Amino acid sequence: MALTGLDIFKLLPKTNCKKCGMPTCLAFAMALAQKRAKLDDCPDVSQEAKDKLAAAAAPPMQKVVFGTGDAQVQIGQETVLFRHEEKFHSPTVLGASVSDKLAGDELLDRIKAVNALQFERVGMKIGARAVALVNDSGSAETFAKAAATVKGNSELAMILVTQSTEAMAAAAAQVKDGMPLLANATLETADEMAKIAKANGCPLVASAESIEDLADLSEKIKAAGVENIVLELKSSGLNEKLFDHSRVRALGLRKVFRPLGYPIISFVTEGDADAQAASAISLICKYSGVVIVDMVEPYAFLAMLTAVMNVFTDPQKPVQVEPKVYSIGEPDENSPVMFTTNFSLTYYTVESDVEASRIPSYIIVVDTEGTSVLTAYSGDKLNEKTVADAMAKFGIENMVKHRKLIIPGYVAVMSGKLEEATNWEVMVGPRECSMLPKYLQEVWN
Ligand code: SF4
């Protein structure tokens, strides 16, 4: 929670010496609270005050990264309990488990299956971003060997899952270059696990059955020198877990209770793929930074990834595509030309229907600040001028020799003014773009 000007004032020397360029310490405190001044501008502020102000200015939830290079993932650094208050910052990292009981081709096949969980949705690449190796074998040697195999065959960020400090030390040493997340430390193993995490420069999961124990555990791990902590609540059922996650989030963000100001990880192991996907989606909503499931079904992953996209979309910023001319198939100078808006969902719906027509076409995407056709039209972001400007800017007249423009049926009312503004013949397309294939085949052809 940000400090108020009065909170800051209490920490200043209160001499009103004016060395900071402000007439009084109170004026300086107010400027600092509004980020119009820097603490360094006061030469007399004490180290204790500096430390207190720095601690208060730190985000209420710690940022934690694991993995390296392009596969590195970031979780945490959330600031609000509800998305509409601002936005969520770090989309949930989804991953699947790999058992170290697998060996040879079976192990490689499972790793490949996790790697392959990649999709494209509304123009965005989404997919599994973590692979969790589970020490089911109970052997430190087997776990370390399997960790090396996972690292050698997967670009994904790795999570090492074992209760054994011996197995964790062996595996972490093998793959520390990949900065895996170590899961997990309990109250009993905290000291030893923290030593392993510190020695290998890895973040560590603190795992406990109650919120109180979890707070004690994270404090213990932090005192042992590990700053990057992820929380796991081993609550008994999904209902209880969702409730506890909400309490942890509220205590961490609203009360700025630092021992709980860390991202949460959830492991889903019960049930078939359908049941795991349902649980995982609930855990994405309430408030897991990482969710690891014990299956590799693409259909179930796509549903979970779609939930992540929905929950983590910035509510103040619609998903947009770049305004330009898109070629569908291999259009030529005789191909149809149509326009739509740069709201992602609108564009990709139109695109798939034009593709379905099998008639190569040009789609001009007009910048309407990410709004749909009707919303843009009623907000005057889609009018004869914005369309004519887009056509001129993207040089569509050099791409085709005809001068015919197909417009969405919903904005047929624009026809007259658009013809005047462009000197193109306007053809009113269907209201629903699902009718575009029929329209293109019957009317255009
Ligand atoms: S320099 Fe520091 S002590 Fe002097 S007026 Fe500014 S805030 Fe107060």
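Residues numbered from 1 in each chain as written. Predicted model: local features only at pLDDT ≥ 70, side-chain atom pairs only at ≥ 80, totals over all residues. Heavy atoms only, no water.

**With respect to the packing of aromatic side chains**
Consideration 1: Throughout the structure, instances matching the rule amount to three aromatic pairs.
Consideration 2: With a centroid separation of 5.7 Å and 55° between ring planes, the pair formed by phenylalanine 88 and phenylalanine 312 is classed as tilted. Placement of the pair is phenylalanine 88 in the loop between β2 (73–76) and β3 (93–99) and phenylalanine 312 in helix α11 (residues 298–312), with a sequence separation of 224 residues.
Consideration 3: Assessed through its relative accessible area of 15%, phenylalanine 312 is described here as buried.
Consideration 4: Look at tyrosine 326 and tyrosine 347: their rings are 4.6 Å apart centre to centre, the planes differ by 40°, and that puts the pair in the tilted class. Here the residue tyrosine 326 occupies a position in strand β13 (residues 325–328), and tyrosine 347 occupies one in helix α12 (residues 344–357), the gap between them amounting to 21 residues. Assigned by exposure class, tyrosine 326 and tyrosine 347 land together as buried.
Consideration 5: Members of the aromatic cluster, connected to one another through ring pairs, are Tyr326, Tyr347 and Tyr348.
Consideration 6: In this structure, lysine 324 packs its charged tip against the face of tyrosine 326, placed 4.8 Å from the ring centre. (Phe/Tyr/Trp six-rings, centres within 6.5 Å; stacked < 30°, edge-to-face > 60°. Helix = DSSP H or I, 4+ residues; strand = E, 2+ residues; numbered from the N terminus. Buried < 20%, exposed > 50% of the residue type's maximum accessible area, 1.4 Å probe, protein only. Lys NZ or Arg CZ within 6 Å of the ring centre and 35° of its normal.)

**Examining the domain arrangement of the protein chain**
How big an interface is tends to be expressed through the accessible area that disappears when the partners come together.
Consideration 1: Split into domains, the protein chain comes out as domain 1 (5–57), domain 2 (63–312) and domain 3 (325–444).
Consideration 2: One C-alpha centre belongs to domain 2, the other to domain 3, and the line joining them spans 45 Å. (Domains from an automatic or database assignment.)

**A short note on the site of the ligand**
Consideration 1: Taken together, the neighbourhood of the ligand is formed by Pro13, Thr15, Asn16, Cys17, Lys18, Lys19, Cys20, Cys25, Phe28, Cys42 and Pro43.
Consideration 2: Looking at the shell around the ligand residue by residue, the class counts come to seven nonpolar, two polar and two charged. (Near = heavy atom within 4 Å. Nonpolar A, V, L, I, M, F, W, Y, C, P; charged D, E, K, R; others polar.)

**Here we look at the pattern of salt bridges**
Consideration 1: The final tally for this structure, using the stated rule, is 12 salt bridges.
Consideration 2: In this structure, the salt-bridge partner of aspartate 41 is lysine 38, at a minimum N-O distance of 3.7 Å.
Consideration 3: Taking relative accessible area as the criterion, lysine 38 reaches 53% and is therefore assigned exposed.
Consideration 4: As a salt-bridge pair, glutamate 192 and lysine 195 come within 3.8 Å of each other at their nearest N and O atoms. Here the residue glutamate 192 and the residue lysine 195 both occupy positions in helix α7 (residues 190–200), the gap between them amounting to three residues, near one helical turn.
Consideration 5: For lysine 195, a relative accessible area of 56% corresponds to the exposed category. (Salt bridge = Lys/Arg side-chain N within 4 Å of Asp/Glu carboxyl O.)

**Focus: helix α10 (residues 273–285)**
Side chains of residues three or four places apart in an α-helix project in the same direction, reflecting 3.6 residues per turn.
Consideration 1: Compared with an ideal rise of 1.5 Å per residue, which puts 13 residues at 18 Å, α10 spans 18 Å between its outermost C-alpha atoms and is within 8% of the ideal.
Consideration 2: Buried within α10 are the following residues: Ala273, Gln276, Ala277, Ser279, Ala280, Leu283 and Ile284. An end-on view of α10 places all buried positions within 170° of arc, on one side of the element.
Consideration 3: For α10, the side-chain oxygen to backbone nitrogen distance between the N-cap and aspartate 274 is 3.2 Å, and the N-cap itself is aspartate 272. (Expected span 1.5 Å × (residues − 1). Arc of directions from axis to C-beta. Polar contact = N/O pair within 3.5 Å; in protein donor to acceptor, adjacent residues only side chain to side chain.)

**Some words on the environment of threonine 79**
Consideration 1: Within the element layout of this structure, threonine 79 appears in the loop between β2 and β3.
Consideration 2: Classification of threonine 79 as partly exposed rests on a relative accessible area of 32%.
Consideration 3: Separated by 88 residues in the primary sequence, threonine 79 and alanine 167 have C-alpha atoms spaced 36 Å apart.
Consideration 4: Setting aside its immediate chain neighbours within four residues, threonine 79 contacts Pro60, Glu86, His89 and Leu253. (Contact = heavy atoms within 4.5 Å.)

**Points about the packing of helix α14 (residues 384–393) against helix α15 (residues 415–422)**
Consideration 1: Two elements in contact, α14 and α15, have axes separated by 9 Å at closest approach and are oriented at 35°. For the pair α14 and α15, the crossing hand works out as right-handed. On α15, the residues touching Glu384, Val387, Ala388 and Met391 of α14 are Lys417, Leu418, Ala421 and Thr422.
Consideration 2: The class makeup of the residues in the contact of α14 with α15 is five nonpolar, one polar and two charged. (Axes fitted to C-alpha atoms, helices over the stretch in contact; angles between N-to-C directions. Left-handed = near helix turned anticlockwise from the far one by under 90°.)

**Looking at a negative patch on the surface**
Consideration 1: Together, Glu188, Glu209, Glu212, Asp213, Asp216 and Glu219 line one region of the surface with negative charge.
Consideration 2: For glutamate 219, the position within the fold is in helix α8 (residues 211–223). (Patch = residues over 30% accessible without salt bridge, like charges linked within 9 Å, V, L, I, M, F, W, Y side chains within 5 Å. Areas by Shrake-Rupley, 256 points an atom, 1.4 Å probe, with all protein chains shown as cover. Lys, Arg positive; Asp, Glu negative; His and termini not counted. Charge placed at Lys NZ, Arg CZ, Asp CG, Glu CD.)

**Regarding the pairing of strand β17 (residues 425–428)**
Consideration 1: With four bridges joining them, strand β16 (residues 404–407) and β17 adopt parallel strand pairing. Across the sheet, leucine 405 pairs through a bridge with valine 426, a residue of β17.
Consideration 2: Where the polypeptide runs from β16 across α15 and back to β17, its parallel neighbour, the crossover connection is right-handed. (Pairing = 2+ DSSP bridges. Right-handed = clockwise from strand over helix to strand, strands pointing away.)

**Regarding the pairing of strand β5 (residues 124–127)**
Consideration 1: Across four bridges, the pairing between strand β4 (residues 118–121) and β5 is antiparallel. Residue phenylalanine 119 lies in a different strand from β5, and its bridge partner there is isoleucine 126.

**With respect to helix α5 (residues 140–153)**
Consideration 1: Helix length check: α5, at 14 residues, gives a terminal C-alpha distance of 20 Å against a target of 20 Å (1.5 Å per residue), a fit within 8%.
Consideration 2: Those residues of α5 not exposed but buried are Ala140, Phe143, Ala144, Ala146, Ala147 and Val150. Down the axis of α5, the buried side of the element spans an arc of 165°, and every buried residue falls inside it. For α5, the exposed residues lying more than 90 degrees away from the buried face are Glu141, Lys145 and Gly152.
Consideration 3: Residues of α5 that are buried in the fold lie against α4 (104–115), β6 (130–134), β7 (157–161) and α6 (165–175).
Consideration 4: Its side-chain oxygen placed 3.3 Å from the backbone nitrogen of glutamate 141, serine 139 serves as the N-cap of α5.

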